[in-house]
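Report on the structure
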Amino acid sequence: MRLLHTSDWHLGQTLHNFDRSHEHQCFLDWLLDSIVAEQADALLISGDVFDTANPSAGAQKQLYRFLQQARARAPRLDIVLIAGNHDSPGRLEAPGPLLEAHGTVVIGHVMRNADGEIDMERMLVPLHDKHGAVAAWCVAIPFLRPGDLPRVAAADGEAPLDPYSHGIAKLYQQAYALAQARRLPGQAILAMGHCHMVDGQASLDSERRIVIGGTEALPATMFDASIAYVALGHLHLAQRVGQKEHIRYCGSPIPLSFAEVGYQHQVLRIDLADGVAREVTPLMVPRAVQLLRVPPQPAPLEEALAALASLAFDADLAPTAQPFIEVRVLLDAPEPGLRGRIEAALAGKPVRLAKIEPTRRQKTVAPETVAMTLDQLAQMQPDDIFRRLYLQRYGEEAPTDQQSAFAELVLAAGAESAP
């Protein structure tokens, strides 16, 4: 049996207000072709399908068109989709009955029965091989919130257990036990999750931290050793967990921030045989649009402008294919005309200026110019505070013209607030 594992599409995402639907569509078209070329039996989508809990109509249309086309081009394909922390569980599950008729199972949230017990059955999904026989059982668990979890009590005399991490571990154990009871010889057990594992490398520019009660990272030991493969979502860098080949983040399919320009975006292909994962192979996702950091490291303004002026691109690039640029400038002092000079250097080039990242040189400031008591602060005037902050940040006195401009702002603000 052959699986494809993907996650963290973030449909509807914008990059500094630039639309990215073209890039997402290029990925989805490539994924459709890959499903057919690889003769996949199942597609596992491990959460964060959308970028927000209230996605645009266009983003939703992209998802549902993809699911329809995937089923049309691979009629026996099983698709399992779980919600991530960016997704709205209810919104994802709303069209569930229609999607199930076309081979797609969506698990948005944990449900409980009339007795208050977690419904494990709905999170256990059978996966079929090319002959229609059940070849694997998938424990499909979405992003978990505290209210989703079973209670875990410490033994007498033991320290209290962390309710979040131990609750998640218990939920996976219960779901695994159900899968174990259902499996027949030769059938594999898989797990899906959207969480942050211990030692997982995060991209803080574009990943929303999952912090519940002070606990975030989960240990790989919460997955039973006999689980054939664990398909994880949330972290955008493709990586193994605990150096284990069968516990993987596949990562995002496109760079979701400039911090991810060096990532090798991929979908993972998993080949199962005799109930275990025999091989895990990355399928590299083509990058439809370049993200460029110019210069690669922050440089003085004149160097940065020279680097921008030397950029050369195909003049016939379509607007949707034009690269995004982050300009990285090292400054000694504020540069009021910074954007204008950068835009002039890029004039006529088929690029999109997405971000200007100014970095200030660090200067040593005497401690006595920084530390203040609350009483001292209360006695200071706004212009005094401005001068001290400028000195703290730049290591020199504020220029006279900037002090004058600040004073004008203070006077204007006072006039507006006057009765």
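Residues numbered from 1 in each chain as written. Predicted model: local features only at pLDDT ≥ 70, side-chain atom pairs only at ≥ 80, totals over all residues. Heavy atoms only, no water.

Before going further, it helps to examine the overall build of the protein chain. Each helix and strand in the protein chain was counted, giving 10 helices and 17 strands. Classification of the 419 residues of the protein chain by burial places 48% in the buried group. Residue pairs in contact within the protein chain that sit at least 24 positions apart in sequence constitute 70% of those at least 6 positions apart. Working note: accessible area of the protein chain is about 20,400 Å², and carbon and sulfur atoms make up 53% of it. (Helix = DSSP H or I, 4+ residues; strand = E, 2+ residues; numbered from the N terminus. Buried < 20%, exposed > 50% of the residue type's maximum accessible area, 1.4 Å probe, protein only. Contact = heavy atoms within 4.5 Å. Areas by Shrake-Rupley, 256 points an atom, 1.4 Å probe, with all protein chains shown as cover.)

On to the sheet that holds strand β7 (residues 124-128), then. Taken in spatial order, the six strands make up an open sheet running β7-β8-β9-β10-β12-β11, and their pairing is mixed. Here the strands that pair on one side only, and so sit at the sheet edges, are β7 and β11 (239-241). If you compare each strand with its neighbour and ignore which way they point, the axes differ by 30° on average. Pairing between strand β10 (residues 229-233) and strand β12 (residues 244-249): three bridges, direction parallel. (Pairing = 2+ DSSP bridges. Axes fitted to C-alpha atoms, helices over the stretch in contact; angles between N-to-C directions.)

One ladder, built from three bridges, connects β11 with β12; its direction is antiparallel. From the neighbouring strand, Val241 faces β12, where its bridge partner is Lys244. Taken together, β11 and the strand that follows it, β12, pair antiparallel across an intervening segment of two residues, in which Gly242 is found at a positive phi of about 60°.

Here we take up the sheet that holds strand β4 (residues 42-46). Taken in spatial order, the six strands make up an open sheet running β6-β5-β4-β1-β13-β14, and their pairing is mixed. In this open sheet, the two edge strands, each paired with only one partner strand, are β6 (104-107) and β14 (276-284). Recorded for the sheet is a direction-independent mean angle of 20° between the axes of neighbouring strands. Contacting β1 (2-6), β4, β13 (266-273) and β14, helix α1 (residues 21-37) crosses the sheet at an angle of about 170° to β1.

Under the defined criterion, the tally for this structure stands at six aromatic pairs. Seen from their ring centres, Trp9 and Phe66 are 5.4 Å apart, and the 85° between their planes marks the pair as edge-to-face. With a gap of 57 residues between them, Trp9 in the loop between β1 and β2 (14-15) and Phe66 in helix α2 (residues 57-73) connect regions that are remote in the sequence. For the pair formed by Trp9 and Phe66, the shared burial category is buried. The structure contains a cluster of three or more aromatic residues connected by ring pairs, namely Trp9, Phe27, Trp30 and Phe66. (Phe/Tyr/Trp six-rings, centres within 6.5 Å; stacked < 30°, edge-to-face > 60°.)

Moving on, we get to the side chain of His236. Structurally, the position occupied by His236 is in the loop between β10 and β11. Look at His236 and you get buried, because its relative accessible area is 2%. Within the local environment of His236, its side chain forms a polar contact with the side chain of His10, the two groups lying 3.4 Å apart. (Polar contact = N/O pair within 3.5 Å; in protein donor to acceptor, adjacent residues only side chain to side chain.)

Residue Pro295 is bonded to the preceding Val294 through a cis peptide linkage, with omega at -10°. Looking at the secondary structure, you find Pro295 in strand β15 (residues 291-300). Here the phi dihedral of Asp48 falls at roughly 55°; this positive angle occurs in a residue that is not glycine. Within the secondary structure layout, Asp48 lies in the loop between β4 and α2. Even without being a glycine, Asp199 presents a positive backbone phi close to 70°. Residue placement: Asp199 occurs in the loop between β9 (188-194) and β10. For Asp199, a relative accessible area of 76% translates into the label exposed.

This is a description of form; function is not addressed.
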